[in-house]
Each structure stands twice: as C-alpha cells, then as structure tokens.
Amino acid sequence: MFFYRVRFFSLFGFDVYVDASWLLLAVLIAWSLAVGVFPSIDPGLTSAAYWSMAVVATVGLLFSIVFHEMSHAAVAQVFGMPIRGITLFIFGGVAEMHSEPTSALSEFLMALAGPVASAVLGLLFFLLFGFVASSQGPAAVAGVLWYLSCLNWTLAAFNLVPAFPLDGGPMLRAALWGWRKDLIWATSIAAGAGNIFGILLIVLGLIEVLRGDFVGGVWLSLIGLFLRGAASATYEQTLARQILAGHPVSRFMNRRPITVSPELSVRELVEDYVYRYHHKVLPVVRDGRLLGCVTTAQVGEDQWGRRTVAEIMEPCSEDNTISPETDALEAMTKMQRTGRSPLLVVDRGQLVGILSLRDLLEFLTLKLQFEGSGGQRAVQPQEG
Ligand SMILES: [Zn+2]
C-alpha cells in the first residue's frame, strides 16, 4: 500500500511516518492553493504572498491530518488497543493498530474520535478567523485560517460517510456488530458500502473530466479506486483474523519439508530440487540442525552453478523463521509485512516444518466454503 516511508517524528510514543507519495501531494496542494484557491479567496495580493499562504496552509493541512489520526490513536489507547504508528500518504493518514477492536462500543468511539477532533479543530480555526477578520488583521492570515477551518470540516464530514475505510465505516460496522453480534457479516456490509461509495466517486470523477475539470476529476476517481481497494482489504483482513487467530502455526505447517544439504553444488540444487519440486525457498539442514535457507534469488546470482549451497545460503533470522507456537495470524501478518513466504518453522534450532502464505490462504478459502461467511456463524464480540 505504501511506496516508501520515512519516520517524520515521534509524539507521545506514536511514530508518525510520511510516505514519499505525501511529499508529492504536498507540492501539488501548495501549488493549487497558491495559483487557484487563495487568489480567489483574497484577490489583489502579490504572488509571493499567495505562495507563503500556500506553504503555511499545507503545513496546517499536515497538522490537521496528524491531529485527526492522533485522536483515533488516543482513544484506542484508552481502550487498550495500542497503535503502532501513523503513516501519512497520498490519501490522508492511516493509523496502524496492533489488533482489531475488541468490542463494538470501543470500535465506535475510536472511529468517532477522528471526525469529532476534525470538527473541533475546524471550529477553532473558524473562531481565530473571526477574531482576525473582525480586528482588521492581515487578509493573508484570515484567508489561511478560513481555508483551514473549511478543510477540517470537510475532513470531518467526508470521514463520516458510512463506508470502509472512512471512519463512518467502522462506526456502521460497530453498530451492526452490536446489533447482530456477527462481526463478519457487519464487516461485509460496511465494506460493501465502501465499494459502492468508491464506484460513486469514480463515476463522479469521470463526469468531472467530461465537464472539463481534468485534474479534479482524475483525483476524485483515484480516491474512489483507493477506497474500493481498501474496503475489500479490510474485509479480507477481518475474515483472516476471525479464522486464523488463536490457532498455532504448527496446525498449518508442512511437517515434512524438502531440505537440502550445505555440501550440494548449486547446479545439483537447481537440477534435483528447484526444477523438481518448484520450491522458491529450501531449508539447508545438516544432521537435523537448521543452518539457513537458500532461495531461487540467490541461485540466480551464481549463473554457472559452481558454488555450493553453503556459500550462497542465507542464515536464519527473525525475518525468515517462526516458532511453531506462534499464532497463525501473526505469521500471516509477518509474511505480508516482510513479503517472505514460506517461513521456516524452528523449535530450539531444529527445523520442524515450513509454512507458506498459500497454505494459510487455502485454509481460509476452504473454511469459508464449508462454513460460509454469512449470518449462520455468529462471531461473538469479546468484551474487554
Ligand atoms: Zn479517521
């Protein structure tokens, strides 16, 4: 989802990251404010004045988004759901939680915190604007304050649309979840709404393009596309969480993985193992002890196959191993985060199995096929 992110700052224990896409967005916003928005709000100022207003307003926009996300994080922490960090990217901000909300009420309040914070911030900017305007203060300052108050109110209103991944989505889900006690059903409705809202924005964007507003229309369509993608991702994540959580890795792992010896030449490795079993990752084992793993990417570097497996293999690390007792959900999160699959399942230095993302996804698919995801199977919210 993110291209490249850098840590921006840390505040109250939250890490705030900025995605490279946000920097691009910031430049675009500043430009459109300087040449379009501010000249129409405050006519008759110099170009330098418009550009300084635009820079200040862009910083204010950044602050507004961080403030919005921070308020989610603060409420999450009150309910004991610590937030890992906040990433600002091209479509706003995303607060990353460690886990799903544990009760309908906490989810509702956590989602509501963002729009409420934005509305309050919008009101504050509006009061400041009123003060500056009534005391005949500089028009540039008043213009920026007016823009920031409108921006925060828009942020609040847009986020209240009851569609995932907007804040209204979790609010709708929490209400449905509290009512029918079925989290998966509630998620499918809120995610479905996200999908429809996304399509609506795409269509509106196309109409805008046809009416001549190319940039605005494309922008709207892109937001719609993003919302659709994020809505279905939320649904899949919830399914995975509900089904995998609480089951150990050992339940899903392949207990008899194909292993290779470190003395094997790379040529033999390719001929006898890679071509035969089509595995991308092979554990390297000697006398039952795991030494490391060899991947097809490392084979590719040794074109002539002259070296041995021991020379090209990579050692075991946090990233490519997992213990058999680990929660399968945690294993899946790790695979998605690091992009590494399969993982070697290791118990006290011994290889006990291998676990691939495909194994987990196949299990999910079968589970859904046999048990369905509708109202028959009630998932109880755990109070806590
Ligand atoms: Zn929000």
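In the block above lies the structure referred to throughout.
Conventions and cut-offs
Residues numbered from 1 in each chain as written. Predicted model: local features only at pLDDT ≥ 70, side-chain atom pairs only at ≥ 80, totals over all residues. Heavy atoms only, no water. Phe/Tyr/Trp six-rings, centres within 6.5 Å; stacked < 30°, edge-to-face > 60°. Helix = DSSP H or I, 4+ residues; strand = E, 2+ residues; numbered from the N terminus. Buried < 20%, exposed > 50% of the residue type's maximum accessible area, 1.4 Å probe, protein only. Lys NZ or Arg CZ within 6 Å of the ring centre and 35° of its normal. Polar contact = N/O pair within 3.5 Å; in protein donor to acceptor, adjacent residues only side chain to side chain. Salt bridge = Lys/Arg side-chain N within 4 Å of Asp/Glu carboxyl O. Donors = N, O, S within 2.8 Å, 3.2 Å for Na, K, Ca; no water. Core = buried A, V, L, I, M, F, W, Y, C linked by side-chain atoms within 4.5 Å. Disulfide = S-S within 2.5 Å. Patch = residues over 30% accessible without salt bridge, like charges linked within 9 Å, V, L, I, M, F, W, Y side chains within 5 Å. Areas by Shrake-Rupley, 256 points an atom, 1.4 Å probe, with all protein chains shown as cover. Axes fitted to C-alpha atoms, helices over the stretch in contact; angles between N-to-C directions. Parallel < 35°, antiparallel > 145°, perpendicular 65-115°, else oblique. Left-handed = near helix turned anticlockwise from the far one by under 90°. Contact = heavy atoms within 4.5 Å. Nonpolar A, V, L, I, M, F, W, Y, C, P; charged D, E, K, R; others polar. Pairing = 2+ DSSP bridges.

**A word on the packing of aromatic side chains**
Next up, step 1: Scanning the model with the defined rule gives 10 aromatic pairs in all.
Next up, step 2: Ring centres 5.6 Å apart and planes at 40 degrees place the aromatic pair Phe 126 and Trp 153 in the tilted group. A residue pair is termed long-range when its members are at least 10 positions apart, and Phe 126 in helix 3 (residues 104–134) and Trp 153 in helix 4 (residues 139–159) qualify at 27 residues.
Next up, step 3: A relative accessible area of 31% places Phe 126 in the partly exposed class.
Next up, step 4: Using a relative accessible area of 32% as the deciding quantity, one classes Trp 153 as partly exposed.
Next up, step 5: Through a chain of ring-to-ring contacts, the aromatic side chains of Phe 126, Phe 129, Trp 146 and Trp 153 assemble into a single cluster.
Next up, step 6: The ring of Trp 179 carries the charged tip of Arg 180 above its face, separated from the ring centre by 5.8 Å.
Next up, step 7: The ring of Trp 185 carries the charged tip of Arg 180 above its face, separated from the ring centre by 4.0 Å.

**Digging into helix 11 (residues 328–338)**
Next up, step 1: Every buried residue of helix 11 is accounted for by Ala 328, Leu 329, Ala 331, Met 332, Lys 334 and Met 335.
Next up, step 2: Between the side-chain oxygen at the start of helix 11 and the backbone nitrogen of Leu 329 there is a gap of 3.1 Å, and the oxygen is on Asp 327.
Next up, step 3: Two residues or fewer after helix 11 comes Gly 339, characterised by a positive phi angle close to 75 degrees.

**Notes on the pattern of salt bridges**
Next up, step 1: For the coordinates displayed, the defined rule picks out 5 salt bridges.
Next up, step 2: The salt bridge partner of Arg 173 is Glu 107, with a shortest N-O separation of 2.7 Å. Here the residue Arg 173 occupies a position in helix 5 (residues 168–180), and Glu 107 occupies one in helix 3, the gap between them amounting to 66 residues.
Next up, step 3: You can call Glu 107 buried: its relative accessible area is 3%.
Next up, step 4: Two residues, Glu 314 and Arg 340, come together in a salt bridge whose shortest N-O distance is 2.9 Å. Here the residue Glu 314 occupies a position in strand 7 (residues 314–315), and Arg 340 occupies one in the loop between helix 11 and strand 9 (343–347), the gap between them amounting to 26 residues.
Next up, step 5: Classification of Glu 314 by relative accessible area gives buried; the value is 17%.

**Quick word on the coordination of the zinc ion**
Next up, step 1: Those donors, His 68 (NE2), His 72 (NE2), Asp 167 (OD) and Asp 167 (OD), are the protein atoms that reach the zinc ion, and they lie 2.0 to 2.5 Å from it.
Next up, step 2: Donor residues for the zinc ion, ordered by position in the chain, follow H-x3-H-x94-D. Of this pair, His 72 sits in helix 2 (residues 47–78) while Asp 167 is found in the loop between helix 4 and helix 5, placing the two residues 95 residues apart along the sequence.
Next up, step 3: Since its relative accessible area comes to 9%, Asp 167 is described here as buried.

**Concerning the nonpolar core**
Next up, step 1: Within the largest apolar cluster, 24 residues are counted, with the highest numbers of intra-cluster contacts made by Trp 22, Leu 33, Phe 38 and Tyr 147.
Next up, step 2: Mapped by element, the contributors of at least two residues to this core are helix 1 (20–41), helix 2, helix 3 and helix 4.
Next up, step 3: Ranked by size, the runner-up nonpolar core spans 18 residues in total, among them Ile 243, Phe 252, Ala 328 and Leu 329.

**Describing the state of the cysteines**
Put plainly, two cysteines are in a disulfide when a covalent bond ties their sulfur atoms together.
Next up, step 1: For the structure shown, the criterion picks out 0 disulfides.
Next up, step 2: Here Cys 316 stays unpaired: no disulfide links it, and the sulfur of Cys 293, its closest cysteine neighbor, is 6.6 Å away.

**Re a nonpolar patch on the surface**
Next up, step 1: Together, Ile 41, Leu 123, Phe 126, Leu 127, Trp 146 and Trp 153 make up an exposed nonpolar region whose accessible area comes to about 520 Å².
Next up, step 2: Secondary-structure elements contributing two or more residues to the nonpolar patch are helix 3 and helix 4.
Next up, step 3: Of the residues forming the nonpolar patch, the biggest block, 3 residues, is contributed by helix 3.
Next up, step 4: Position of Trp 146 relative to the elements: it lies in helix 4.

**A look at the packing of helix 2 against helix 3**
Next up, step 1: At a minimum axis distance of 8 Å, the contact between helix 2 and helix 3 shows a crossing angle of 140 degrees. Between helix 2 and helix 3, the crossing angle belongs to the class labelled oblique. As for the relative orientation of helix 2 and helix 3, their crossing is right-handed in sense. Side by side, helix 2 and helix 3 meet where Phe 63, Ser 64, Phe 67, His 68, Ser 71, His 72, Val 75 and Ala 76 of the first sit next to Leu 109, Met 110, Ala 111, Ala 113, Gly 114, Pro 115, Ala 117, Ser 118, Leu 121 and Phe 125 of the second.
Next up, step 2: Split into classes, the residues belonging to the contact of helix 2 with helix 3 amount to 12 nonpolar, 6 polar and no charged.

**Concerning the pairing of strand 10 (residues 350–355)**
Next up, step 1: Note that strand 9 and strand 10 share 5 bridges and pair antiparallel. When the bridges of strand 10 are listed, Leu 344 appears paired with Ile 354.
Next up, step 2: If you look at the hairpin formed by strand 9 and strand 10, you'll find 2 residues sitting between the two strands, and Arg 348 has a positive phi there, around 45 degrees.

**A short note on the packing of helix 7 (residues 214–244) against helix 11**
Between two packed helices, what matters for the description is the angle formed by their axes and the separation of those axes.
Next up, step 1: One way to put it is that helix 7 packs onto helix 11 with a least axis distance of 8 Å and a crossing angle of 145 degrees. Between helix 7 and helix 11, the residues in contact are Ala 240, Arg 241 and Leu 244 and Ala 328, Leu 329 and Met 332, respectively.
Next up, step 2: The residue inventory of the contact of helix 7 with helix 11, partitioned by class, reads 5 nonpolar, no polar and 1 charged.

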